[in-house]
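For reference, the chains in residue letters:
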Amino acid sequence: MSERVAVVTGGIGGLGTEICKHLARAGRKVIAADLGNREERLAAFREETKEFNGSIVFAPADVSRFDDCAALAKHVAATYGEIDILVNAAGITRDVSLRKMEERQWHELMHVNLDGVFNMCRQVVDGMSARGFGRIVNISSVNGQTGQFGQTNYSAAKAGMHGFTMALAREVAKKGVTVNSVSPGYCKTEMVMKVPEDIRNQIVAQIPVGRLGEPSDIARTVAFLTADDAGFITGANVPVNGGYFMSF
Ligand code: CAA
């Protein structure tokens, strides 16, 4: 069997890099897709992944643009082979209470977090179905399940991702393609570290295991769901949140 090709959007981000590493360790050829203009982050990513000797590569793409996603899929197919595994990990926050939220803050977030999932899945679903194998994982969030103060936009997008996941899972279930969500809780990423410290401390105090998650806690779940023999798990949402969800 030839090496499976995986694309991870948000691939140079907090969770994305770790997901790339776990998939590479599972023997996948991994393409980390992300914005091309983040020089500093890209340099750190290259340093962090150099031990993988070329099994993790970077490709620029803005998931909020359908044409970028189409060009990415074409480039990957021509250079590395058709996409077998897609992990939608690109996501942003625009935290602010609804009464202060500007229209721009709603739409920017939706374009990346929700349109991005459509834009990427649309590129791969035909090919995966025709070849009889595919694994799609959408990185949602505990806040899509519980809601969070200051995150009407983010919580709506993340809950929407799981609705999308279940609907697409049904459409491709007979084609050997699985579609699942992973809902991380609060993890040690730049995104979470941007939450004001006092609020973050209150959140950590509610996590039964008593700590923030590690990106590897999420990445191992993605590796599990994308395994070749994970074909009976589809339309599921896997919470990985240190028991935070139980606090509600
Ligand atoms: N719960 C209850 N009340 C809160 C609150 C909260 N979490 N946060 C603020 N308030 C209160 C304030 O005390 C204040 O009260 P008063 O008006 O009585 O003084 C009022 O609400 C402030 O309301 P504002 O409209 O002024 O709030 P804001 O627009 O300034 O926004 C916020 C506040 C910056 C959004 C802040 O609530 C916040 O940072 N919340 C956390 C958001 C969060 O958890 N983001 C997660 C990012 S990481 C991520 O998303 C990854 C993942 O998937 C887990």
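Quick summary incoming for the structure in this document. (Residues numbered from 1 in each chain as written. Predicted model: local features only at pLDDT ≥ 70, side-chain atom pairs only at ≥ 80, totals over all residues. Heavy atoms only, no water.)

Let's talk about the pattern of salt bridges
- Scanning all chains against the criterion turns up 14 salt bridges.
- For Lys21, the salt bridge identified is with Glu48, shortest N-O distance 3.0 Å. Residue Lys21 is located in helix H1 (residues 16-25), and its partner Glu48 is located in helix H2 (residues 39-49); the two are separated by 27 residues in the primary sequence.
- Where Arg122 meets Asp126, a salt bridge forms, and the shortest distance between an N and an O atom there is 4.0 Å. Note that Arg122 and Asp126 are positioned in helix H4 (residues 103-131) at a spacing of four residues, about one turn of the helix.
- Taking relative accessible area as the criterion, Asp126 reaches 52% and is therefore assigned exposed.
- What emerges from the salt-bridge pattern is a single network uniting Arg94, Glu102, Arg104 and Glu108. (Salt bridge = Lys/Arg side-chain N within 4 Å of Asp/Glu carboxyl O. Helix = DSSP H or I, 4+ residues; strand = E, 2+ residues; numbered from the N terminus. Buried < 20%, exposed > 50% of the residue type's maximum accessible area, 1.4 Å probe, protein only.)

A short note on the site of the ligand
- The environment of the ligand is made up of 21 residues, and the closest members are Asp95, Ser97, Lys100, Ser141 and Tyr154.
- At 3.0 Å, a side-chain N or O of Arg99 approaches an oxygen atom of the ligand.
- Here an oxygen atom of the ligand and a side-chain polar atom of Gln151 are 3.0 Å apart.
- Out of a free accessible area of 1,000 Å², the ligand has 63% covered by protein chains.
- In a pocket analysis with a 2 Å cut-off to the grid points, the ligand is assigned to the largest pocket.
- Elements supplying a minimum of two residues to the shell around the ligand: helix H7 (190-193) and helix H8 (197-205).
- Each residue belonging to the shell around the ligand can be placed in one class, and the counts come to ten nonpolar, eight polar and three charged. (Near = heavy atom within 4 Å. Polar contact = N/O pair within 3.5 Å; in protein donor to acceptor, adjacent residues only side chain to side chain. Areas by Shrake-Rupley, 256 points an atom, 1.4 Å probe, with all protein chains shown as cover. 1 Å grid on protein atoms, 1.4 Å probe; cavity = no way out; pocket = protein on both sides within 12 Å on 5 of 7 lines; lining within 4 Å. Sits in = over half its atoms within 2 Å of the grid points. Nonpolar A, V, L, I, M, F, W, Y, C, P; charged D, E, K, R; others polar.)

With respect to empty space enclosed by the protein
- Counting across every chain of the model gives one cavity of 30 Å³ or more.
- By volume, the largest cavity amounts to about 50 Å³.
- Along its surface, the largest cavity is lined by Thr9, Val63, Asn88, Ala89, Ala90, Val112, Asn113, Gly116, Val117 and Met161.
- Per element, the largest residue contribution to the lining of the largest cavity is four residues, and it comes from H4. (Points joined across faces, edges and corners; volume = space filled by probe spheres on them.)

Observations regarding H2
- If you check which residues of H2 are buried, you get Arg41, Leu42, Phe45 and Thr49. For H2, the angular spread of the buried residues around the axis is 100°, confining them to a single face. Exposed and facing more than 90 degrees away from the buried side of H2 are Glu39, Glu40 and Glu47. (Arc of directions from axis to C-beta.)

Section: the packing of H1 against helix H9 (residues 215-225)
- The contact between H1 and H9 brings their axes to 8 Å, and the two run at 45°. Overall, the two elements H1 and H9 adopt an arrangement that is oblique. The two elements H1 and H9 meet at a crossing, and its hand is right-handed. In this structure, H1 uses Glu18, Ile19, His22 and Leu23 to contact H9, whose residues at the interface are Pro215, Ser216, Ala219, Arg220, Val222 and Ala223.
- Grouping the amino acids of the contact of H1 with H9 by side-chain chemistry returns six nonpolar, two polar and two charged. (Axes fitted to C-alpha atoms, helices over the stretch in contact; angles between N-to-C directions. Parallel < 35°, antiparallel > 145°, perpendicular 65-115°, else oblique. Left-handed = near helix turned anticlockwise from the far one by under 90°. Contact = heavy atoms within 4.5 Å.)

Notes on the layout of surface pockets
- Here the largest pocket defines a volume of roughly 1,200 Å³.
- Around the largest pocket sit 50 residues that line it, and Gly91, Ile92, Thr93, Tyr154 and Met191 are the ones nearest its centre.
- Within the residue set of the lining of the largest pocket, elements represented by two or more residues are strand E2 (29-34), helix H6 (152-172), H7 and H8.
- Broken down by element, the lining of the largest pocket gets its largest block of residues, three residues, from H7.
- For the lining of the largest pocket, the per-class residue count stands at 23 nonpolar, 16 polar and eleven charged.

Read these as geometric descriptors, not functional statements.
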